[in-house]
Amino acid sequence: MKTKAVGLCILFIFVLSICANAKRMDSMRHTLAIKDDGTVWACGDNMRGQLGDGTTSDRYSPIQAQGLSDIISVSVGSEHSLALRRDGTVWAWGNNDYGQIGDGTQTKRLTPVQVMGLENVVEIAAGFYHSLAIKSDGTVWGWGYNYFGQLGDGTNTPWRLTPVQVQEIDQVIKIAGGLDHSLCVKSDGTAWAWGNNESGQLGDGTIYTNRYTPVQVVGISNVIDITGRSARFSMALTGDGTVWRWGGGQLIPKVESGISGVIKISCSGISFLVLTSYGIPYIWGQVGTDPENDTPIIIENPVPVGDLTEIVDISDGVSFHFIKRDGTVWGMGQNTFGELGDGTTTARMSAPVQVLFSFSPTPTAAYVLAADFDSDGRADPIAMDNSGNWCVWYSHQSYTRDGPYSLGISGQPVAGDVDGDGQGDMGIVQNGQWYIWLSGQSNALSGPYAFGVDGTPVLADFDGDGKADPAMVSASGGWHVFLSGSGYSQVSANFGVSGGTPVAGDFDGDGKADPVMVDGNGNWYFWLSGSMYNQHGPYNFGVAGKPVAGDFDGDGKADPAMMDAFGNWYIWPSSSFYIPDGPYYLVLP
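The sections below set out a description of the structure shown in this document.

Calculation rules
Residues numbered from 1 in each chain as written. Predicted model: local features only at pLDDT ≥ 70, side-chain atom pairs only at ≥ 80, totals over all residues. Heavy atoms only, no water. Helix = DSSP H or I, 4+ residues; strand = E, 2+ residues; numbered from the N terminus. Rg over C-alpha atoms; globule rule 2.2 N^0.38 Å. Buried < 20%, exposed > 50% of the residue type's maximum accessible area, 1.4 Å probe, protein only. Contact = heavy atoms within 4.5 Å. Areas by Shrake-Rupley, 256 points an atom, 1.4 Å probe, with all protein chains shown as cover. Lys, Arg positive; Asp, Glu negative; His and termini not counted. Charge placed at Lys NZ, Arg CZ, Asp CG, Glu CD. Pairing = 2+ DSSP bridges. Axes fitted to C-alpha atoms, helices over the stretch in contact; angles between N-to-C directions. Phe/Tyr/Trp six-rings, centres within 6.5 Å; stacked < 30°, edge-to-face > 60°. Disulfide = S-S within 2.5 Å. Salt bridge = Lys/Arg side-chain N within 4 Å of Asp/Glu carboxyl O.

1. Regarding the overall build of the protein chain
Each helix and strand in the protein chain was counted, giving two helices and 48 strands. Since a compact globule built from 589 residues should have a radius of gyration of about 25 Å, the 26 Å found for the protein chain is in line with a globular shape. With respect to the principal axes defined by its C-alpha atoms, the protein chain has extents near 80 × 50 × 45 Å. Counting across all 589 residues of the protein chain, residues that qualify as buried make up 57%. Sequence-distant contacts in the protein chain: of pairs separated by 6 or more residues, those separated by 24 or more amount to 44%. Here the protein chain displays about 21700 Å² of accessible surface, and carbon together with sulfur accounts for 49% of that area. Side-chain charges in the protein chain split into 31 positive and 61 negative, and the spacing between the mean points of these groups amounts to 8 Å.

2. A few points about the sheet that holds strand β47 (residues 568–571)
One open sheet holds the four strands; their spatial order is β45-β46-β47-β48, and the pairing between them is antiparallel. A single partner strand is all that each edge strand has here, and the edge strands are β45 (546–550) and β48 (581–585). Put simply, the sheet's adjacent strands are angled 25° from each other on average, direction ignored.

3. Points about the environment of M28
Counting through the fold element by element, M28 comes out in the loop between β1 (25–27) and β2 (30–34). Among residues more than four places away in sequence, those in contact with M28 are V76, G77, S78, F128, R229, G317, V318, S319 and E339.

4. A word on the pairing of strand β17 (residues 223–227)
Burial runs high along β17: four of the five residues are buried. As defined by bridge partners, β17 adjoins strand β18 (residues 233–238) across four bridges and the pair is classed as antiparallel. Directly across from D225, in β18, lies its bridge partner L237. Linking two consecutive strands that pair antiparallel, namely β17 and β18, is a turn of five residues.

5. What about the packing of aromatic side chains?
Applying the stated criterion to the full structure yields 22 aromatic pairs. Considering the side-chain rings of F507 and F526, the 4.8 Å spacing of their centres and the 75° angle between planes classify their relative orientation as edge-to-face. With a gap of 19 residues between them, F507 in the loop between β41 (501–505) and β42 (514–518) and F526 in strand β43 (residues 523–528) connect regions that are remote in the sequence. Given a relative accessible area of 6%, F526 falls into the buried group.

6. Focus on unusual backbone geometry
Of all residues except glycine, most have a negative phi; of all peptide bonds, most are trans. For the peptide bond that leads from G403 to P404, omega is 15°, which places it in the cis range. Tracing the backbone shows P404 in strand β32 (residues 400–406). The residue after G537, namely P538, is reached through a cis peptide bond having omega 15°. Structurally, the position occupied by P538 is in strand β44 (residues 534–540). One non-glycine residue, Y208, lies in positive phi territory at about 70°. In the Ramachandran plot, M532 falls in the positive-phi region, its phi being about 60° despite a non-glycine side chain.

7. Considering the sheet that holds strand β30 (residues 380–384)
Across the sheet, which stays open at both edges, the four strands sit in the order β29-β30-β31-β32 with antiparallel pairing between neighbours. Edge strands, defined here as strands with exactly one partner in the open sheet, are β29 (367–371) and β32. The average undirected angle you get between the axes of adjacent strands in this sheet is 20°. Pairing of strand β31 (residues 389–394) with β32 involves five bridges; the strand directions are antiparallel. Each residue of the ladder has a partner; that of Y394, found in β32, is T400.

8. Here we look at the side chain of S529
Of note, S529 is situated in the loop between β43 and β44. On the basis of relative accessible area, S529 is assigned to the buried category, the value being 12%. In this structure, S529 is in contact with D508, D510, K512, A513 and D514, ignoring residues within four places of it in sequence.

9. Regarding the state of the cysteines
Enumeration over the complete set of coordinates arrives at zero disulfides. Here C184 is not cross-linked by a disulfide; its sulfur's nearest cysteine counterpart is in C267, at 16 Å. Taking relative accessible area as the criterion, C184 reaches 0% and is therefore assigned buried. C267 gets classed as buried once you look at its relative accessible area, which sits at 1%.

10. Digging into the pattern of salt bridges
Per the counting criterion, the structure on display carries 17 salt bridges. Two residues, R48 and D97, come together in a salt bridge whose shortest N-O distance is 3.1 Å. Here R48 is found in the loop between β3 (40–44) and β4 (59–64), whereas its partner D97 is found in the loop between β7 (90–94) and β8 (109–114), with 49 residues between them in sequence. When the shortest N-O distance is used, the salt bridge between K174 and D225 registers 3.5 Å. Here K174 is found in strand β13 (residues 172–177), whereas its partner D225 is found in strand β17, with 51 residues between them in sequence. In this structure, K174 and D225 share a single accessibility class: buried. A single salt-bridge network, built from bridges that share partners, covers R29, D45 and E79.

11. Topic: the pairing of strand β14 (residues 181–186)
In terms of burial, β14 is a largely internal element, six of the six residues being buried. Side-chain alternation along β14 places H181, L183 and V185 on one buried face and S182, C184 and K186 on a second face that is also buried. Sheet analysis places β13 next to β14, joined by five bridges and oriented antiparallel. Residue A176 lies in a different strand from β14, and its bridge partner there is L183. Where β13 hands over to β14, the hairpin turn is made up of three residues, counted between the paired strands. Of the strand pairs in this sheet, β14 and strand β15 (residues 191–195) are connected by five bridges, and their pairing is antiparallel. Looking at the pairing, V185 lines up with A191 of β15.

The following block contains the structure:
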């Protein structure tokens, strides 16, 4: 996460934990999913009661787990299940041979029971036979099977029936459980591992040396996600969208070739699944068995999963699930126990099929913006939903999403470098009052400021002094700009085009932002400062939607961009003669 966002990260660490890391769906031989009302639904293998419906009968269609409400995250082990309530308590059910339920017994539980002694939990992860949790203070706790030291308490005591603290680790923001090893990410972006190391899955450069307390994974930094639901492998995602893998005899992390721009990772056994920032999932490894001849299906290099697009979340277990933006869920895989949830046990190996789980549609952006938040000379896309939650996709990190954040004030967002420090600043305009969070002051709130003019707000450097200037554009097309270089004195003009969406950017490369109006049909009208504000256009790039302008290619000239009604971003870079680039599907959480 960028240095400028540290203040925001501290302020919203709890929100980020339950939003960015929460799993609304997880699967192995059984599948769990959280409905919008906070109830949990399950299907698949139920031999040990891991579906939580009070029986041991397999279910081929989703059935409700009993007694759970207000659930925000789920995680599945080999034969047990975990759920995190919004109040920070953890609930578990299913197989309890090694104490993985955490209720102080080794009694199988057919319905959820509360894990003992845990509160203020912000994330959960189930290993095959052990369980993990992060508390709000950044400590990690584990319970269940520990023969290989996977609980990290400094011992290999065979099992723990109640949670124990993982030793010598704090400030943890992400956890993952494997067959007999555990993984985590600290707030400084380092990755750590402990437990079984017979295949080098701990990534510390050794093999066959089990670790009873966490050791740092070598050769990798800026880690934002980690997974290792495997007997042999571990996988991490770094902030630039790069996937790293180790284990299986590879003793230190190695970049996974053939894939980039990744925002989510998952692995199970020796299959690997990732989701890219443009909403397309990729898969490789041993992804199943051919039902006709019982031979392994092996994909050597990452390939797209069927023709799936607009995917917002993924889950990799014995079978695979994909959540689309419209809330439908699609599945592919062996389906031996009915874990896909399509009402059958029919293998679905050739292409994903729609299953019986569903969610509310993922929100698309109500507002789209662009500003150079990471100071790499290129504009970063920004989107905000109707609830005021906003995300930024950093260009220097292959457009990896950062957020969501909430500024705590409702209104229309703006973005630009108000304080002239080379980094974008976020702002909100509410009833004519401007509120700005300045990156040069650790995102401190500045304002409110009022300029006495109503309209649609725009923020851009109109006078070329290196600082963005506030502007209001009236319904009649009048532009009222308050120039930072002259004490925010007002200049006004009307270019004769109204009724559209105003944007601004330095399209002619003279160092000054140019006013632009985009009408409802996608026609762009430009008034270039370098040519005495004479009109250029209209130009139509063939896409209608929400317009935005920014120097996305870093050539010193602003580029037109548009987000269509489906959330797809299109950019027309000036450096490539406005040949369209995209679409990119930048997924809001």
